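Spelled out from the first residue to the last, the chains are:
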Amino acid sequence: MWIDTHCHLDAAEFASEEDAVAARAQQQAVTMIVIPAVARDNFATVESLAHRNSNCTYALGIHPIFVPQAREEDLAAMRVAVEAAMTDTRFVAIGEIGLDFFIPILTTPEMREKQEFFYTEQLKIARDFGLPVLLHVRKSQDSILKYLRRINVIGGIAHAFNGSFQQAEIFIELGFKLGFGGAMTFTRALQLRRLATTLPIDSIVLETDAPDISPAWVHPERNSPEQLPRIGQVLAELRDMPVAAIAQITSANALVAMPRLGVVI
Ligand SMILES: [Zn+2]
């Protein structure tokens, strides 16, 4: 069994094929897919995908890339949606939230401040409901960590991790797992492959981030969750471990990161 801890199955790239994509992933033993939300107006979409497909669950959150158009009242609406979702076994985390200091329009002083506001308010929602967070971290490791130290969440996943060993250690100390996916399949990704090879195996979870971050054999075509076992095989080769052990350990790690998954699986 494999768990894709981060897949945007609601993305336009999958339009009208979502259920077929989830079914193909299931045939490849991807028995669970976590679909993070990105904005208030797609909360209902990710929820419905998770209810329609037996191997899908969802998270609720406002992604940093959608912060420019987000309004403060969206946070109040999110708190209400999260409270309602607590009785829904398909709901597993807060996400995708975080900080993106790479995209130019997101790095003006006002937009940095707005991002930090949305990030910290959503951390508080996660803390208040005892939920893990799925983090988008892009050129923002230190700010992400600063707020995680102040607002105590139970943990979660630093998705598409691409930081230093030192930053990895801090995430791990704070109770986080690190998400690895298609980027690790490129032989030129030396630092990322070093991380994937040497970080403690119990700190690693797998993800596709589909339709983005296609693995080397799919690039530049659309990524999809059925690629996860082959991505896992790359990790097995890097670490010189049996692929079955990688599947078992990374799935167990995902359950530690998102305890509510255990109710569905
Ligand atoms: Zn994402």
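This structure is a prediction, so every number in the text was calculated from the model and none was measured.

### What about the coordination of the zinc ion?
Phase 1: Every protein donor of the zinc ion is listed here as His6 (NE2), His8 (NE2) and Glu96 (OE), and their distances to the metal cover 2.1 to 2.2 Å.
Phase 2: Sequence positions of the donors to the zinc ion reduce to the motif H-x1-H-x87-E. Within this pair, whereas His8 is found in the loop between strand 1 (2-4) and helix 1 (18-27), its partner Glu96 is found in strand 4 (residues 91-100), the two being separated by 88 residues in sequence.
Phase 3: Of the residues examined, His8 reaches a relative accessible area of 9% and is grouped as buried.
Phase 4: Note on Glu96: relative accessible area 1%, which makes it buried.

### Here's the deal with the state of the cysteines
As used in these notes, a disulfide is a covalent bond between sulfur atoms, one from each of two cysteines.
Phase 1: With the rule as written, the count across this model stands at 0 disulfides.
Phase 2: Left unpaired, Cys7 is separated from the closest cysteine sulfur, that of Cys56, by 7.4 Å.
Phase 3: A relative accessible area of 0% places Cys56 in the buried class.

### Here's the deal with the pattern of salt bridges
Phase 1: Enumeration over the complete set of coordinates arrives at 9 salt bridges.
Phase 2: In this structure, the salt-bridge partner of Arg79 is Asp128, at a minimum N-O distance of 3.0 Å. Of this pair, Arg79 sits in helix 3 (residues 72-85) while Asp128 sits in helix 4 (residues 109-129), and the two are 49 residues apart along the sequence.
Phase 3: Arg79 sits in the partly exposed class, given a relative accessible area of 31%.
Phase 4: Since its relative accessible area comes to 41%, Asp128 is described here as partly exposed.
Phase 5: Members of the salt-bridge network, linked through shared partners, are Arg79, Arg127 and Asp128.

### A short note on the environment of Val243
Phase 1: Note on placement: Val243 falls in helix 9 (residues 243-257).
Phase 2: Val243 sits in the partly exposed class, given a relative accessible area of 37%.
Phase 3: Along the chain, Val243 and Gly232 lie 11 residues apart, while their C-alpha atoms are 7.0 Å from each other.
Phase 4: If sequence neighbours within four positions are ignored, Val243 has contacts with Trp2, Gly232, Gln233 and Ala236.

### Some remarks on the packing of helix 7 (residues 190-198) against helix 8 (residues 228-239)
Phase 1: Put simply, helix 7 and helix 8 touch, their axes get as near as 9 Å, and they point 75° apart. By the criterion of interaxial angle, the relationship of helix 7 to helix 8 is roughly perpendicular. Each of Arg193, Ala196, Thr197 and Thr198 in helix 7 lies in contact with helix 8, whose residues at this interface are Val234, Leu235, Leu238 and Arg239.
Phase 2: Of the residues that constitute the contact of helix 7 with helix 8, the class distribution is 4 nonpolar, 2 polar and 2 charged.

### As for helix 8
Phase 1: For helix 8, built from 12 residues, the straight-helix expectation of 16 Å at 1.5 Å per residue is met to within 8% by its first-to-last C-alpha distance of 17 Å.
Phase 2: Listed in full, the buried residues belonging to helix 8 are Leu228, Pro229, Ile231, Gly232, Val234, Leu235, Ala236 and Arg239.
Phase 3: Of the surrounding elements, those touching the buried residues of helix 8 are strand 1, strand 2 (30-36), helix 7, strand 8 (204-206) and helix 9.

### Notes on the pairing of strand 5 (residues 133-138)
Phase 1: Of all 6 residues that make up strand 5, 5 are buried, and the element is covered over most of its length.
Phase 2: By the bridge criterion, 6 bridges tie strand 4 to strand 5 in an arrangement that is parallel. Note that in strand 5 the partner of Gly98 across the bridge is His136.
Phase 3: Sheet topology places strand 5 next to strand 6 (residues 156-159); 4 bridges connect them, and they run parallel. The residue bridging Leu135 from the neighbouring strand is Ala158, located in strand 6.

### Description of the UniProt feature "binding site: a divalent metal cation 2" (unreviewed entry) in the protein chain
Phase 1: Following the UniProt record, one finds the feature "binding site: a divalent metal cation 2" (unreviewed entry) at His136 and His159. Across 24 residues in sequence, these annotated residues keep their C-alpha atoms within 5.9 Å of one another, forming a single compact spot. Of the annotated set named above, His136 and His159 line the largest pocket.
Phase 2: With respect to the secondary-structure elements, His136 resides in strand 5.

Definitions and limits used
Residues numbered from 1 in each chain as written. Predicted model: local features only at pLDDT ≥ 70, side-chain atom pairs only at ≥ 80, totals over all residues. Heavy atoms only, no water. Donors = N, O, S within 2.8 Å, 3.2 Å for Na, K, Ca; no water. Helix = DSSP H or I, 4+ residues; strand = E, 2+ residues; numbered from the N terminus. Buried < 20%, exposed > 50% of the residue type's maximum accessible area, 1.4 Å probe, protein only. Disulfide = S-S within 2.5 Å. Salt bridge = Lys/Arg side-chain N within 4 Å of Asp/Glu carboxyl O. Contact = heavy atoms within 4.5 Å. Axes fitted to C-alpha atoms, helices over the stretch in contact; angles between N-to-C directions. Parallel < 35°, antiparallel > 145°, perpendicular 65-115°, else oblique. Nonpolar A, V, L, I, M, F, W, Y, C, P; charged D, E, K, R; others polar. Expected span 1.5 Å × (residues − 1). Pairing = 2+ DSSP bridges. UniProt positions renumbered as here; feature names shortened; annotations may be inferred. 1 Å grid on protein atoms, 1.4 Å probe; cavity = no way out; pocket = protein on both sides within 12 Å on 5 of 7 lines; lining within 4 Å.

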